[in-house]
Every structure is written in C-alpha cells, then in structure tokens.
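So you can see what is in the structure, the chains are spelled out below.
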Amino acid sequence: MSDAPTILVVEDDRFLRRACEVSLQQRGFVVKSATDGEVGLHMAREALPDLILLDLLMPRVSGIEVLKQLRDDPKTAGIPVVILSNSSREEDKAHASRLGAVGYYVKANLSLRALGDEVSRLVGRPVTPVVGKVAQ
Amino acid sequence: MPADRAAADAKLVAERLATLADDTGMTTGELQDMWLAETAERLELAVNALAAGDLSEVVRLVHSAAGTTGICGAAELAQDLTNLEHLAAAGRADDAQRALGSARVEFGLLTSVLHGGLRH
C-alpha cells in the first residue's frame, strides 16, 4: 500500500480534473476524483484524503454545500480544502475562507505548478519537480 | 471581428497550453484535443438546455466551459461565455440565445485556427 498522500479532486470539468490528476500524480500523490459534489462528499468520508481540491459550481451538490458538510462532520472537519473557482470576486473568496477553505484559486489564472506547490506545502511533502510523462 | 478575436485567442492558447504541457507532462495536442472536445460538448448541451428552457443548466454548462476556456488562455471566448452565463442567470433567454450563437461561431473559428497550426 502506498504511503503517499491522497488528494481528492472534486471537479465536474473533465479537462481541469484530468490536468490536476496528471499534474499531482507526477508529484507522487495518490489522486482520487469525483465529478460532482454528492460523489465527492461520499468519497471524502470513505477515503479521508489528505487534501481536497474542490470546485464550487457543480451538479447535485455545490462546492459550498460540500465544504459545509465536510466541516460539520468530525471525521472530515480537519481535511484541508482548496477551492478552484471561476469567480474572482472577493466576497466569494471570503465566503469560502469563512467556511474553512485554506486556499482559493481562480481558474482563469491557474498555474498547475503553483497549485502543486501549494498542495505539497499543505500536506507537508517536499515539492518534487515535474519530470517525464504519465501514461494515460 | 470574430476572426481577429479567434486569431488573438489562438496565440494565447498556444502559449498557455505549452505551460500546461510542462506542468502535466501531457502534450499540447492532447491538452488541446481534450479542451476542444469538452467545450464543443458543453456548447452543444447548452443549445439543448436553452431549447428546453432550462436556464440554470445553461448557466452551469457555460460556467464550466468558460472556466476551462480561461485556463487554456482563450480570453476573448472565455469573456463571451461569461457574459452568456450572466444573461442566462438573469433569465434573458432571447439574449442568451443570441450570445450562444455568437460564442459557437467564435469557438468554431478558433477551432479552425488551432487545427491549422498548433500540433506537436
């Protein structure tokens, strides 16, 4: 069994989900993915990942609702959550922060390298340079 | 002019996909194909949702397409999609219909430009 940190990516957009998966796998993380908030919440409770990357606008259960439910559950309350959102509005960032999100990235400005560095920092793992190619 | 906007976006897309390729180990071609397929599908689903009068679904689909399009550097198209999202969110179905038509034309032009010159 791998002792690498597990990252849960909850994102309905295939492109970004896949890009995050590959980028984080390159750094040695175990990556699990969910395509909507309901599945994401279920996987978070089952897998208890080391960190969650969470989209806000998703089918079935929104990212904000996922964040609230994670925080209300003692099992998942301590899992760091980083938001991925289209919105650059300060009130949205503040809202996510009030609900306990530890990071907030605006998709249009997203650097996967910076995101990977932040994830590594948050889970206490040294940053690994991106090398080679991950098989699909 | 839509063609000028598509050309401007294509230049930015090439730069952005090169960065994303560095960060993922994927090729620009793989990333480009994935993004174009995803966006084409979202726009098609948005047409269907609009025809069905489901504006909240239009908002969700276009919001997602705008996000990915922004990540890939197509700033002009991303802005048009965001405007479309706001029209749909405001319940302005007729304006959203026109904006969706324009966005699809622009996306088609951008796709043509990219297929003409961005392959590794």
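Caption draft 1: Just the overall build of chain B, in detail. Within chain B one finds five helices and zero strands. Expressed along its principal axes, the backbone C-alpha trace of chain B runs to roughly 40 × 30 × 20 Å. Burial analysis of chain B (120 residues in total) assigns 45% to the buried set. By sequence separation, contacts in chain B at least 24 residues apart represent 61% of the contacts at least 6 residues apart.

Caption draft 2: Geometry of the confidence of the model for chain B. Residues with a pLDDT of 70 or more make up 95% of chain B, whose mean pLDDT is 90. For this predicted complex, the interface score ipTM comes out at 0.79, while the overall pTM is 0.85.

Caption draft 3: Structural view of the pairing of strand β4 (residues 81-85) of chain A. Residue and element names in this part refer to chain A. Judged by how many residues are buried, β4 sits mostly within the fold: four of five residues are covered. Across four bridges, strand β3 (residues 51-55) lies against β4 in parallel orientation. Residue pairing in the sheet places D55 in a bridge with L84 of β4. For the handedness criterion, the β-α-β arrangement of β3, helix α3 (residues 63-72) and β4 is classed as right-handed. Handedness of the crossover joining β4 and strand β5 (residues 103-106) through helix α4 (residues 90-98): right-handed.

Caption draft 4: Examining helix α4 (residues 75-89) of chain B more closely. Residue and element names in this part refer to chain B. Between its first and last C-alpha atoms α4 spans 21 Å; for 15 residues at 1.5 Å apiece the expected length is 21 Å, and the two agree. Of all the residues in α4, the buried ones are L77, A78, D80, L81, L84, E85, L87 and A88. Two residues or fewer past α4, G91 is found with a positive phi of approximately 80 degrees.

Caption draft 5: Representation of the environment of B:W35. Counting through the fold element by element, B:W35 comes out in helix α2 (residues 28-51). Under the C-beta neighbour-count criterion, B:W35 is labelled buried, with 27 such atoms within 10 Å. Remark: the alpha-carbon pair of B:W35 and B:T69, spanning 34 residues in sequence, is separated by 7.5 Å. In this structure, B:W35 is in contact with A:F15, B:T68 and B:C72, ignoring residues within four places of it in sequence.

Caption draft 6: Quick look at the packing of helix α1 (residues 14-26) of chain A against helix α5 (residues 112-122) of chain A. Residues and elements named next belong to chain A. Following both chains from N to C, one finds α1 and α5 inclined at 55 degrees, their axes separated by 10 Å at the closest point. Relative to α5, the element α1 is oriented oblique. Here α1 runs over α5; the crossing is right-handed. For the pair formed by α1 and α5, the contact residues are A19, C20, S23 and L24 on the first element and L112, G116 and V119 on the second.

Caption draft 7: Highlighting the sheet that holds strand β2 (residues 30-34) of chain A. Residue and element names in this part refer to chain A. Spatial ordering of the open sheet is given by β2-β1-β3-β4-β5, a layout of five strands whose pairing is parallel. Among the strands making up the open sheet, the edge pair consists of β2 and β5. This sheet shows a mean twist of 20 degrees between the axes of neighbouring strands, independent of strand direction. Here strand β1 (residues 6-10) runs beside β2; their pairing, made up of five bridges, is parallel. Paired with V9 across the two strands is S33, which belongs to β2.

Caption draft 8: Broad picture of helix α3 (residues 55-71) of chain B. Taking 1.5 Å per residue, 17 residues should reach 24 Å; α3(B) reaches 24 Å between its end C-alpha atoms and fits that length. A large share of α3(B) lies buried, amounting to 14 of its 17 residues.

Caption draft 9: Region of the structure containing the interface of chain A and chain B. Counting residues at the interface gives 22 residues for chain A, matched by 17 residues for chain B. Secondary-structure elements contributing two or more residues to the side of chain A that touches chain B are α1 and α5 of chain A. Its residues assigned to classes, the side of chain A that touches chain B shows 11 nonpolar, four polar and seven charged.

Caption draft 10: Structural view of the packing of helix α2 (residues 37-47) of chain A against α3(A). Residue and element names in this part refer to chain A. The N-to-C vectors of α2 and α3 enclose an angle of 20 degrees; their axes lie 9 Å apart at closest approach. Between α2 and α3, the interaxial angle falls into the category roughly parallel. In the packing of α2 onto α3, the handedness of the crossing is right-handed. Where α2 approaches α3, its residues G37, G40, L41 and A44 are matched on the opposing element by G63, E65, V66, Q69 and L70. Residue composition of the contact of α2 with α3, grouped by class: four nonpolar, four polar and one charged.

Analysis parameters
Residues numbered from 1 in each chain as written. Chains lettered and ligands numbered in written order. Predicted model: local features only at pLDDT ≥ 70, side-chain atom pairs only at ≥ 80, totals over all residues. Helix = DSSP H or I, 4+ residues; strand = E, 2+ residues; numbered from the N terminus. Buried ≥ 20, exposed ≤ 12 C-beta atoms within 10 Å, placed from the backbone. Contact = placed C-beta atoms within 7 Å. pLDDT = per-residue confidence, 0-100. Pairing = 2+ DSSP bridges. Right-handed = clockwise from strand over helix to strand, strands pointing away. Expected span 1.5 Å × (residues − 1). Axes fitted to C-alpha atoms, helices over the stretch in contact; angles between N-to-C directions. Parallel < 35°, antiparallel > 145°, perpendicular 65-115°, else oblique. Left-handed = near helix turned anticlockwise from the far one by under 90°. Nonpolar A, V, L, I, M, F, W, Y, C, P; charged D, E, K, R; others polar.

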